[in-house]
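Secondary and tertiary structure notes
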Amino acid sequence: MDKLYWLDQIKLQDRAEVGDKAFYLSRIMQRGYPVVDGFVVSAEILRQFLETLNSSESLIADLPYSSLHLDVANWRQLQQVAGRLRQEIIAANVPPQWVTTIFKAAREWQTDCLIFRPTLAVSSASPVKANVSGLLESVFCHCDQEDIALALKRTWSQLFRARSLLYWQRTGINMQQINLAVLVQPVENAIASGLLNANSSGWEIKATWGLGIAIANGEILPDVHYIQKETGVLLEQHLGNKMLAYRVDHQTPATISQSVPEPVLTPDNTCLVTYLLEESQQKQYALQEEYLQQIIALGNQLVSELGKEFTIKWTIAQETPNTKLYITQIITPQSIIPNVHFIKGLGAAGGRIMATAYVIINSKQRPQQLPKGVILVIPSITPDWLPLLQQVAGIITEQGGLTSHAAILARELGLVAVVSATSATTLIKTGERLLVDGDRGEVYRIRGDANEQMGRGGEGEKGREEERDRGGGGENPLSSHSPISPFPHLTTPYPFMNATQLLVNLSQSSLIEQVQNLPVDGVGLLRSELMILTILEGQHPNSWLLGGRQAELLERWSDEIIQFARAFAPRPVFYRSLDWRSQDLPSLSDTQSSPQSMLGERGTFSYLRNPVVFELELKALATVQQAGYSNIHLLLPFVRTVEEVAFCRRKVEQAGLNEVSQFQLWIMAEVPSVLFLLPEYVKAGVAGISIGTNDLTQLLLGVDREQGQLAKVFDERQPAVMGAIAQLIQMAQSAGIPCSICGQAPALYPEIIDKLVQWGITSISVEPEAVARTYQAIARAEQRLILEVARRELKEGKMRNL
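What this report covers is the structure whose coordinates are included nearby.

The rules behind each value
- Residues numbered from 1 in each chain as written.
- Predicted model: local features only at pLDDT ≥ 70, side-chain atom pairs only at ≥ 80, totals over all residues.
- Heavy atoms only, no water.
- Pairing = 2+ DSSP bridges.
- Helix = DSSP H or I, 4+ residues; strand = E, 2+ residues; numbered from the N terminus.
- Axes fitted to C-alpha atoms, helices over the stretch in contact; angles between N-to-C directions.
- Core = buried A, V, L, I, M, F, W, Y, C linked by side-chain atoms within 4.5 Å.
- Buried < 20%, exposed > 50% of the residue type's maximum accessible area, 1.4 Å probe, protein only.
- Contact = heavy atoms within 4.5 Å.
- Phe/Tyr/Trp six-rings, centres within 6.5 Å; stacked < 30°, edge-to-face > 60°.
- Lys NZ or Arg CZ within 6 Å of the ring centre and 35° of its normal.
- Disulfide = S-S within 2.5 Å.

Moving on to the sheet that holds strand β6 (residues 190-199). Read from one edge of the open sheet, 6 strands run β9-β8-β7-β6-β12-β13, paired in antiparallel fashion. Edge strands, defined here as strands with exactly one partner in the open sheet, are β9 (234-238) and β13 (324-331). In this sheet, adjacent strand axes meet at a mean angle of 20 degrees when their direction is disregarded. Of the strand pairs in this sheet, β6 and strand β7 (residues 202-209) are connected by 8 bridges, and their pairing is antiparallel.

Here we take up the nonpolar core. The biggest cluster of nonpolar side chains holds 115 residues, and the ones touching the most others in it are L389, W557, L634 and I689. Looking at which element gives the most residues to this core, the answer is helix α19 (residues 550-568), with 9 residues. Discounting residues that sit within four places of it in the chain, L389 has contacts with L376, I381, I395, L409, L413 and L415.

A separate point is the packing of aromatic side chains. Per the counting criterion, the structure on display carries 7 aromatic pairs. Ring plane angle 50 degrees and centroid distance 4.4 Å describe the contact between F574 and W666, whose orientation is recorded as tilted. You can see F574 sitting in strand β24 (residues 573-576) and its partner W666 sitting in strand β26 (residues 665-669), a full 92 residues away along the chain. Neither F574 nor W666 differs from the other in exposure class; each is buried. Pairwise contacts between aromatic rings join W6, F39 and W109 into one cluster. Against the face of Y5 rests K3, its NZ or CZ located 4.2 Å from the ring centre.

Our focus in this paragraph is the pairing of β6. In terms of burial, β6 is largely enclosed, as 8 of its 10 residues are buried. Bridge count between β6 and strand β12 (residues 310-317): 8 bridges; the pairing is antiparallel. Residue pairing for β12: N197 is matched across the bridge by T311. Between β6 and β7, which pair antiparallel in sequence order, lie 2 residues.

Whether parallel or antiparallel, the strands of a sheet pair through hydrogen bonds between backbone atoms. Read around the closed barrel, 8 strands run β22-β23-β24-β25-β26-β27-β28-β29, paired in parallel fashion. Recorded for the sheet is a direction-independent mean angle of 30 degrees between the axes of neighbouring strands.

This model, assessed by the stated rule, comprises 1 disulfide. Across the disulfide from C113 sits C271; the S-S distance is 1.9 Å. Within this pair, whereas C113 is found in strand β3 (residues 113-122), its partner C271 is found in the loop between β10 (244-248) and β11 (272-276), the two being separated by 158 residues in sequence. Each of the two residues, C113 as well as C271, counts as buried. This cysteine, C141, is not joined by any disulfide, and C271 carries the nearest cysteine sulfur, 6.4 Å off. Given the relative accessible area of 0%, C141 is considered buried. No disulfide involves C143; its sulfur sits 7.5 Å from that of C141, the nearest cysteine. Judged by relative accessible area, which is 17%, C143 ranks as buried.

Below, the structure written as structure tokens:
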């Protein structure tokens, strides 16, 4: 355990490590509001703990990375799995040095009782906002090393109990997206505790005697005070039914009566006791007028920080010689980060970046260049923006989903990106300082001291998700983080030899050096339309040909492909021929389709109408072969009919590409007609298929992948899409040809990889930033299959011996 995160030192970039509950309290505390002191055991500590669990059960061994593919409708299985997981955690040993660190820090408070409060951050590309209120409960314990270790494990184990697993499954959140930290605070006796609910219609204050646990457990009916929010005047109040209360038990664990009920999830030796209130006290309001006015005054102050709608939990501590009002929790739909404006979108490319905004209102008005190191804020991005994006540090778009052009380009270039950020170009002004969180899909407009907001919790400490401030023209994040080891606890970063091939999607030769040493078996998708944008000088290839510059363009084209063939040889490079829509390349005026066309004359159909540019591509590939590289293959895009395949096959033969024995002609399996025509395609000469989940999904579901507001519908995990993928893999196996997948689905939803491996996918191709986690997911999926086969054989062997 390198560090504890103290509430008064938590910074903006620590949010994922400390969880939302602790993060919100820290922001308010640092603004001078009364919050009980505390520190956070970070989410990284839980990940490290789970990696130490020793078990032959694959489900247990996968805890830090598992998406826990459970049938949550099978309550018996759900209860059994949850019980096994929690027992494994409770039985494990917390490293003594961790316990000592927590104990020494807590001992500074000179208190007998501690509260361990789960504080959760869900990092998800999904627009679904997790509401975990009441899902995880606080744990109380004595300030004793043995009790601390048990309380920590009990807090962690709640992540895996049945109702939690059910919730994660039903909300589409997988375990890899959950960061669970633990906020540790001292517990002192309280005169009264309760809540303040503020909304547009008025304020409601609930209160009870003692600690607030009785309200949380529903053991009493609290007093209720209704307040006019504009004036703070008490409008109405109702006396509750308060028979019992909670206080701290200052006895040692060994002397606690076993008859004391456990009010919440607590270790066996709880530091709390219940007591019955005197009848006279039950008939009194828990809040004296003085305390009620203090809470109202505090609420009025918080309006400027939290907005008009929020909830706070409070307690009036019984300190000597005075009492003091403290905030114990904040619940708000608004951003409560002081001096920061908050915009929510979809996290399209992970990481954090802080830089200056550069706003472009009209996407069609493309500038000659962009300032270096800015965050580009724009309605949408088309592929012809790629040369300009080489200069920026991050991207924010108002439109687009997780498979939009902006998202794909950002992931390949290693840029932080948020898409579907509504009204971003209106809310953000050029020159403003922004922090973009591509993991959470959040944008912060920093109005105050950026260094204070972003400063680290301790000198020399490096967070797991550090910000990448490239405003000064820093390194590309790939170069500073690659190769990324998915197994940081092992000396060999890639210890497994996977049977399923792992390929990479590329288009930019500038990334070759950073990618070629990753554990990939080749390039599964070389996007030609993006690759050549850097050499076209803003002109359509037809313009080059009409201008008599064919030889120059051919040389540039072949030289660009050779860079990939050389770097990855003898590993295969699958070059996908041009797949352009007019609306994707508005700056290239020679594209012929109407901008109003949703699909355009894209893919191989456009080759039939005008084969000149396709023939030039084939000449470029032949030039690569003549240079001595036999690892280049052709991947035809957006194939609709057998006639298109036959036409392209003839062109390939005329170019002499098939004279190299290793050469293969593949097609993209992305138009649904492939589900009916694949056997005919194979007869026409197709040697393999690569499933393009982006187009396949939008065509099957009738959803435009560029529309971020339809993100819930555009999901490759839909049964129709998964069924089509399974069918294509099975059809490829029947035809005796390899089947790859190169869409965004495996990178966005790693749990899909289990199914792909189970169905027999030949290879999986992903963006460079997803290589490490995909390698890991493939390894675990294959191990799980091996384990299942071994168990089945063992069971069958036992049956035969009966």
